[in-house]
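Residues per chain are reported as follows:
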Amino acid sequence: MKFILRILLSALAVIILSYVLPGVGVDSYTTAIIVALVLGLLNFLVKPLLIILTLPVTIVTLGLFLLIINAIIILLADYFIPGFQVDGVLWAIAFSLLLSFLQSILFSLLKEDKKK
């Protein structure tokens, strides 16, 4: 149940960001749910591999290269999911930053409801 709720909150964040950012588009609510699932899967499978492969660059840039890795993950999702469009690397970085921020807010609301 918690996993489904987290996916739905992530999909809500994707929809909100598609309205806020002009360089990001989502066709439907179903597409937003698929984007949330695929981003979770890519973050679980591909991101650790990319972090290991680019560890020297990440260390030299004091971790700022992780923004580029997140943008690559977003662009991979754009490539695999029809109905999800990101216009470039800068929009992918902005989407990644705002998605992380929005997800942290939404997930913290989820944790506060459990404490009550």
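Scroll up to find the structure this text is about.
This is a predicted model, so every value here is computed, not measured.

Trainee: Is there a simple way to explain the nonpolar core in this structure?
Mentor: Val 14, Leu 39, Ile 74, Phe 84, Phe 95 and Leu 99 are the most contacted members of the largest nonpolar core, which totals 32 residues. Broken down by secondary-structure element, the contributors of at least two residues to this core are helix H1 (2-20), strand S1 (24-26), helix H2 (29-53), helix H4 (65-80), strand S2 (84-86) and helix H5 (89-115). Excluding its chain neighbours within four sequence positions, the residues that come into contact with Leu 39 are Ile 73, Ile 74, Ala 77, Phe 95 and Leu 99.

Trainee: I'm lost on the side chain of Ser 18 in this one. Help?
Mentor: With respect to the helices, strands and loops of the structure, Ser 18 is situated in helix H1. A polar side-chain atom of Ser 18 sits 2.7 Å from the main-chain carbonyl oxygen of Ile 15. With near-sequence residues (within four places) excluded, Ser 18 lies in contact with Val 24, Gly 25 and Val 26.

Trainee: Teacher, can you tell me more about the environment of Gly 40 here?
Mentor: With respect to the helices and strands, Gly 40 occurs in helix H2. Distance in space between the C-alpha atoms of Gly 40 and Ile 7 is 8.5 Å, their sequence separation being 33 residues.

Trainee: Please clarify how the packing of aromatic side chains should be interpreted in this entry.
Mentor: The geometry of an aromatic ring pair is captured by two quantities: the separation of the ring centres and the angle between the planes. With the rule as written, the count across this model stands at two aromatic pairs. For the pair Tyr 79 and Phe 80, a centre-to-centre distance of 5.3 Å together with 75 degrees between the ring planes defines the contact as edge-to-face. For Tyr 79, a relative accessible area of 67% corresponds to the exposed category. A ring pair is formed by Phe 84 and Phe 95, whose centres lie 5.8 Å apart and whose planes are at 55 degrees; its orientation type is tilted. One end of the pair, Phe 84, is in strand S2; the other, Phe 95, is in helix H5, and eleven residues separate them in sequence. Assigned by exposure class, Phe 84 and Phe 95 land together as buried.

Trainee: Whenever I open this one, the packing of H1 against H2 confuses me. Can you help?
Mentor: Describing two packed helices takes the angle between their axes plus the distance from one axis to the other. Between H1 and H2, the least distance of the axes is 8 Å, while the angle of their chain directions is 115 degrees. Viewed along their axes, H1 and H2 form a crossing whose handedness is right-handed. Between H1 and H2, the contacting residues are Phe 3, Ile 7, Leu 8, Ser 10, Ala 11, Val 14 and Ile 15 on the first element and Tyr 29, Ala 32, Ile 33, Val 35, Ala 36 and Leu 37 on the second.

Reading the values: the criteria
- Residues numbered from 1 in each chain as written.
- Predicted model: local features only at pLDDT ≥ 70, side-chain atom pairs only at ≥ 80, totals over all residues.
- Heavy atoms only, no water.
- Core = buried A, V, L, I, M, F, W, Y, C linked by side-chain atoms within 4.5 Å.
- Buried < 20%, exposed > 50% of the residue type's maximum accessible area, 1.4 Å probe, protein only.
- Helix = DSSP H or I, 4+ residues; strand = E, 2+ residues; numbered from the N terminus.
- Contact = heavy atoms within 4.5 Å.
- Polar contact = N/O pair within 3.5 Å; in protein donor to acceptor, adjacent residues only side chain to side chain.
- Phe/Tyr/Trp six-rings, centres within 6.5 Å; stacked < 30°, edge-to-face > 60°.
- Axes fitted to C-alpha atoms, helices over the stretch in contact; angles between N-to-C directions.
- Left-handed = near helix turned anticlockwise from the far one by under 90°.

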